[in-house]
Each structure stands twice: as structure tokens, then as C-alpha cells.
Amino acid sequence: MVRDMTSENPTKLILSFSIPLLIGNVFQQLYSMVDTIVVGRYLGVQALAAVGATGSLSFLVLGFINGITSGFSVLVAQSFGAGDEKRMRHFVAMSVYLGLIVSAVLTLSTILLTRDILNLMQTPEDIIDTSEVYIKIIFAGILATMFYNLLAGVLRALGDSKTPLYFLILSSILNIGLDLFFVINMKSGVPGVAYATVISQAVSAIACLFYMAVKFPILHFHKEELKFSLLSAARLFQVGIPMALQFSITAIGTMVLQSAINGLGSTVVGAYTAASKAEQLAVQPMITFGTTMATYVGQNLGAGRMDRIREGVKKCIMISCIFSILGSLLVVFCGGILVSLFITGEQPEVMAYARQYLNTIAIFFIPLGLIFIYRNTLQGMGDGFIPMMAGVVELGMRVFVAFVLAKQFGYTGICLAGPIAWIGADIPLMITYYVRMGKIKKREREMKALKE
């Protein structure tokens, strides 16, 4: 069901749109956590470290996919908000063509370069072979990941956050079942976990495609809307590439940091991996509000409702701050319980490292939440450059931590990497948003004065 976000109360719209997204994001994290739990409990800490060592590399590529599909959906949302269904369908068709091209390039390049990148990241010798096998299987399924993200992005651009949830739940349940089947029954080890992820993602994408074809007549194409256009491709890439690079630049910083973590040994890698899973679960509300703002702002920009964009951002900041505090309490008081899900037996050293990380980052969840709001608001307005540059700031901060703080303070320096990067990224995003909105408000006053 499509939903117009250019009318009604912004707070009500943001919350009602966010709830299905949040449930979906939590499910996504849960099946990612199940991967980690199955690996850690059935295959051991070394296998857990092998999967964890690929996390930043996976984020580099899959984040690029998430960014570029989100960029494509911005133009879909703007066209829908403007009431131009023909242009909206044309952008959807072009997104599919470009998605196929990007998937082919990414799949080939990542599979060829995986081992070299793992070596550059100083992946420990005792886990590098397992890490390579795992991540190559994940990368072989890039096409499925691309099209699930693309289809879900289109639906969200049309104001529907519920349908992607249904297929994400399907994917999550299937992934859990396949994890247990491959690892316990088939004795497939770490590769089995990767196969489960790829298969469940592919099934979800195919099911979503068929459902959209039947249930969304607004997406039934006419012949002229399916024509390939270089101008439209350029426009989509103009918005999508900076958003994709923003994710990838952030991921490069994470990879640099991961290399510093890898140098501390597989015990620290395992602890950091388990703690990161707990962190990701706690920050899902902030990520969700950011995704909501991209659709909300895109539709309202298309409708010319800048007043609603301003009001929506204010309301979303208030909501995000509340959930940020709740997330901080979760990781401080329940972080140990979450971490214990991923490890077997008494491993006090692993638990101590994990708790230190979680207690450090919990203090800084509010600035993290602001990143998602301001970044997605600017992206919803079609500005991919400043969010990309904020990603460059994050990269610089993480590199600084990896080469200075980590060497000076060891693991304590590692724990400060995220908070330092978050605060650094907030600065250009906030300045750009308020300067831009100030100029727009001034122009609106001038136009009003001329009419009077």
C-alpha cells in the first residue's frame, strides 16, 4: 500500500512509518546475530573471529549496495511526492538496469580481490583461510542483495514500510533454519552460514518481486517508461554514487580500524565481533529514523513542502534522543547478557573486552542518532555530496584512531574510534542543514513580502 507523507501530522507519520522498519531492522539484526551465535557456539571462538574479521569488508561492499539503492529510491520518492507516476516508474525501471550492471561489476571485482584485501587488513594467519571462504560466498550473492535492497527501497519511497518487513521476516526465519541445517546437520562449518545468508536473501528478493507485480498496480509499466535513458542513468548515479561512496568511505575507515584490531589477536577480534552485534541491535531505532527521514523528506521536497521538512526534522530529533538513551541503557545493563549469547563457557577475557567497548560507546549514542537524521535528510533533498564528505571525516577520524590512539592506548583507543568519528561527522552535516534551511526560509520570506 502506497502512502502519501506530504500531509497529516509529521510525528504520527514518522512513528507509524518507522515501526515496521524498526521491526524489520531488528529481524535483520537477529538473523545476523543467529549467524554469529551458531558460529560462536557450534564452531568456536576462532571461527567467530574468522567471520568477524570480514565484517568491515562486507560493510564496504554491502554498504555500497545499500547506499546506491537508497540513492535511486530518493528520486522515486521525489517523483511520487510530485504526483508524477510516469516519471516515478521510469526511475524504477532505470534502477533495475543500473542494479544489474553494478551487481556484475561488484561480484567480479570482489571475488578477485578478497584475499589481497584480507592480507592488507592483517587478518591473523589462523583465521584468514576461513574468512576468505566465508566472504567470497557472501559476495557471490551480491545480485540477490542488490535486488532485495532495491525493491525494498522502491516500496519505502512509495510510503510502504510494511511490505519489506514481511519479506524480511521470511528471510530471517529461512536464514535461521538454514543456519542450523547447514552447520548442525550438514556439518558445513562457516561456509554453511554464508550459504544460508545468500539463499535466504535470494528467496526474499524473488518473493518480493512477485508480490509487487501483483499487488502494486502503480508499478505496472508502460512501454515508453522502460526505455533506457542515459540522462536518467546520469541523474540516478548523481544521487546514488555519492550515497554509496559515503557508506564505502565509512567502511574503509572501519577496515583500517579492523586491521588495528586484528593486530591485537583473535581473542580481541572475537570480543569486538560479539560486542558489535550487541551494539547493532541497540542502535537500530536510530538507523530506522534516518531511513524514515529519507522517504519523508524526498516526498515533501517533491511536493514543495519545506515547512513540513523543518517540522519533521525537529520531531525526529526529539524521538531519536529518547531512543538513544534507551539504547545506551540497554548496552550498559544488558550488554553482558547479549555478548554471552555468542560465546561458550567461561571466557572472562573475551567478556571484559566486550563490556569495555559497550560501556564506552553507550555514552555517545545521541550524536550517533543525529548523524542518521541529518545525513538522510540531506540525501532526501538530493544532496549526496555533503553526506559523502561527512563520511570522509569519519574515515579520517578512524584512521587517526588506528594509527595514533590504538598504538598509544591499545584497546581503549579502539573503543573510542566510533564516538570520535560520530562527533566529527555530525559537524558538517548539521552546519550544512541549518545553513541551507536558513537560506530557504529567507527566500520564502522574500517571496511572501513580494506577494504582499
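Computed from a predicted model, the values in this text were never measured in an experiment.

Reading the values: the criteria
Residues numbered from 1 in each chain as written. Predicted model: local features only at pLDDT ≥ 70, side-chain atom pairs only at ≥ 80, totals over all residues. Heavy atoms only, no water. Helix = DSSP H or I, 4+ residues; strand = E, 2+ residues; numbered from the N terminus. Rg over C-alpha atoms; globule rule 2.2 N^0.38 Å. Contact = heavy atoms within 4.5 Å. Salt bridge = Lys/Arg side-chain N within 4 Å of Asp/Glu carboxyl O. Buried < 20%, exposed > 50% of the residue type's maximum accessible area, 1.4 Å probe, protein only. Expected span 1.5 Å × (residues − 1). Arc of directions from axis to C-beta. Phe/Tyr/Trp six-rings, centres within 6.5 Å; stacked < 30°, edge-to-face > 60°. 1 Å grid on protein atoms, 1.4 Å probe; cavity = no way out; pocket = protein on both sides within 12 Å on 5 of 7 lines; lining within 4 Å. Points joined across faces, edges and corners; volume = space filled by probe spheres on them. Nonpolar A, V, L, I, M, F, W, Y, C, P; charged D, E, K, R; others polar. Patch = residues over 30% accessible without salt bridge, like charges linked within 9 Å, V, L, I, M, F, W, Y side chains within 5 Å. Areas by Shrake-Rupley, 256 points an atom, 1.4 Å probe, with all protein chains shown as cover. Disulfide = S-S within 2.5 Å. Axes fitted to C-alpha atoms, helices over the stretch in contact; angles between N-to-C directions. Left-handed = near helix turned anticlockwise from the far one by under 90°.

K.L.:
What exactly am I supposed to notice about the overall build of the chain here?
P.N.:
When helices and strands are tallied, the chain shows 17 helices and zero strands. By the compact-globule yardstick of 22 Å for 452 residues, the chain fits well, its C-alpha radius of gyration being 22 Å. Seen along its three principal axes, the alpha-carbon backbone of the chain occupies a region of about 75 × 45 × 35 Å.

K.L.:
Teacher, can you tell me more about the side chain of Ser232 here?
P.N.:
Relative to the elements of secondary structure, Ser232 occurs in helix α9 (residues 230-262). Sequence-distant contacts of Ser232, defined by excluding residues within four places in its chain, comprise His90, Phe91 and Met94.

K.L.:
Got a minute to help me understand the pattern of salt bridges in this structure?
P.N.:
If charged atoms from side chains of opposite charge come close, those side chains can pair. Within this structure, the stated rule accounts for eight salt bridges. In this structure, Arg115 and Glu132 form a salt bridge, with 2.7 Å as the shortest nitrogen-oxygen distance. Linking Arg115 in helix α4 (residues 85-120) with Glu132 in helix α5 (residues 128-140), this pair joins segments that are 17 residues apart in sequence. Taking the relative accessible area as the measure of exposure, Glu132 reaches 14% and is therefore buried. Among the ionic pairs, Arg305 bridges to Asp307, the shortest N-O distance being 3.0 Å. The exposure class assigned to Arg305 is partly exposed, which follows from its relative accessible area of 31%. When its relative accessible area of 38% is taken as the criterion, Asp307 is described as partly exposed. Several salt bridges converge on common partners, so that one network encompasses Arg115, Asp129, Glu132 and Lys136.

K.L.:
Where do I start with the environment of Gly159 in this structure?
P.N.:
Residue placement: Gly159 occurs in the loop between α6 (142-157) and α7 (162-185). Accessibility expressed as a relative area gives 6% for Gly159, which makes it buried. Between the alpha carbons of Gly159 and Gly177 there is a distance of 31 Å; along the sequence they are 18 residues apart.

K.L.:
Explanation requested: unusual backbone geometry in the structure shown.
P.N.:
Phi is mostly negative for residues that are not glycine, and the peptide bonds are mostly trans. You will see that Glu8, though not glycine, has its phi angle at about 75°, which is positive. Tracing the chain through its elements places Glu8 in the segment before α1 (10-43). Here Glu8 falls in the partly exposed class, since its relative accessible area comes to 43%. Positioned with a positive phi, Lys187 is a non-glycine residue whose angle comes to about 55°. Topologically, Lys187 is positioned in the loop between α7 and α8 (189-215). Judged by its relative accessible area of 67%, Lys187 is exposed.

K.L.:
Quick question: what am I supposed to make of helix α13 (residues 348-361) here?
P.N.:
One turn of an α-helix holds 3.6 residues; hence residues three or four places apart share an orientation. Here α13 contains 14 residues, and its C-alpha end-to-end distance of 20 Å stays within 8% of the 20 Å for a straight helix at 1.5 Å per residue. For α13, the full list of buried residues reads Val350, Ala354, Tyr357, Leu358, Thr360 and Ile361. When α13 is viewed along its axis, its buried side chains cluster within an angular range of 165° and face the same direction.

K.L.:
Would you take a moment to explain the packing of aromatic side chains for this structure?
P.N.:
Centre distance and the angle of the planes are the two values used to describe a pair of aromatic rings. Considering all chains together, one arrives at 13 aromatic pairs under this definition. When the centroid spacing of 5.4 Å and the interplanar angle of 65° are considered together, the rings of Phe289 and Phe323 count as edge-to-face. With a gap of 34 residues between them, Phe289 in helix α11 (residues 284-302) and Phe323 in helix α12 (residues 306-340) connect regions that are remote in the sequence. A relative accessible area of 3% means that Phe289 is categorised as buried. What makes Phe323 partly exposed here is its relative accessible area of 28%. Residues Tyr433 and Tyr434 carry aromatic rings whose centres are separated by 4.9 Å and whose planes lie at 75° to one another, so their mutual orientation is edge-to-face. For Tyr433, a relative accessible area of 3% puts it in the buried group. Among the aromatic residues, ring-to-ring pairing joins Phe167, Tyr211 and Phe216 into one connected group.

K.L.:
Would you mind showing me how to read the layout of surface pockets here?
P.N.:
Any empty space left between the atoms is revealed when a probe the size of a water molecule rolls over them. What the largest pocket holds in volume is close to 330 Å³. Those elements that provide at least two residues to the lining of the largest pocket are α4, α6 and α8. Taken together, the residues of the lining of the largest pocket break down into 15 nonpolar, no polar and no charged.

K.L.:
Looking at this structure, how should I read a nonpolar patch on the surface?
P.N.:
A cluster of nonpolar residues, Ile322, Ile325, Leu326, Leu329, Phe333 and Ile366, forms a patch on the protein surface that exposes about 590 Å² of accessible area. The residue Ile322 is located in helix α12 in this model.

K.L.:
What is the right way to look at α6 in this model?
P.N.:
The end-to-end C-alpha separation of α6 is 22 Å, in line with the 22 Å expected for 16 residues at 1.5 Å each. Across the 16 residues that make up α6, a large majority, 15, are buried. Gly159, located one to two residues past α6, shows a positive phi value of around 90°.

K.L.:
Please explain the side chain of Arg156 as it appears in this structure.
P.N.:
For Arg156, the location among the structural elements is in helix α6. Setting aside residues up to four positions removed in sequence, Arg156 forms contacts with Phe17, Leu21, Ser161, Pro164, Thr291 and Thr295.

K.L.:
Quick question: what am I supposed to make of the state of the cysteines here?
P.N.:
Simply put, disulfide is the name for a covalent bond between the sulfur atoms of two cysteines. If you walk through the whole model with that rule in mind, you get zero disulfides. The thiol sulfur of Cys316 is not disulfide-bonded, and the nearest other cysteine sulfur, from Cys321, lies at 9.7 Å. Residue Cys316 is classed as buried on the basis of its relative accessible area of 0%. With no disulfide of its own, Cys415 has Cys334 as its nearest cysteine by sulfur position, at a separation of 19 Å.

K.L.:
Just to check I follow, could you spell out the packing of α12 against α13 for this structure?
P.N.:
Geometrically, a packed helix pair is captured by the angle between its two axes and the distance between the axes. In the contact formed by α12 and α13, the axes pass within 9 Å of each other and the chain directions differ by 145°. Crossing geometry of α12 relative to α13 is assigned as right-handed. Contacts from Val331, Val332, Gly335, Gly336, Val339 and Ser340 in α12 reach Met351, Ala354, Arg355, Leu358 and Asn359 in α13. Taken together, the residues that form the contact of α12 with α13 break down as six nonpolar, four polar and one charged.

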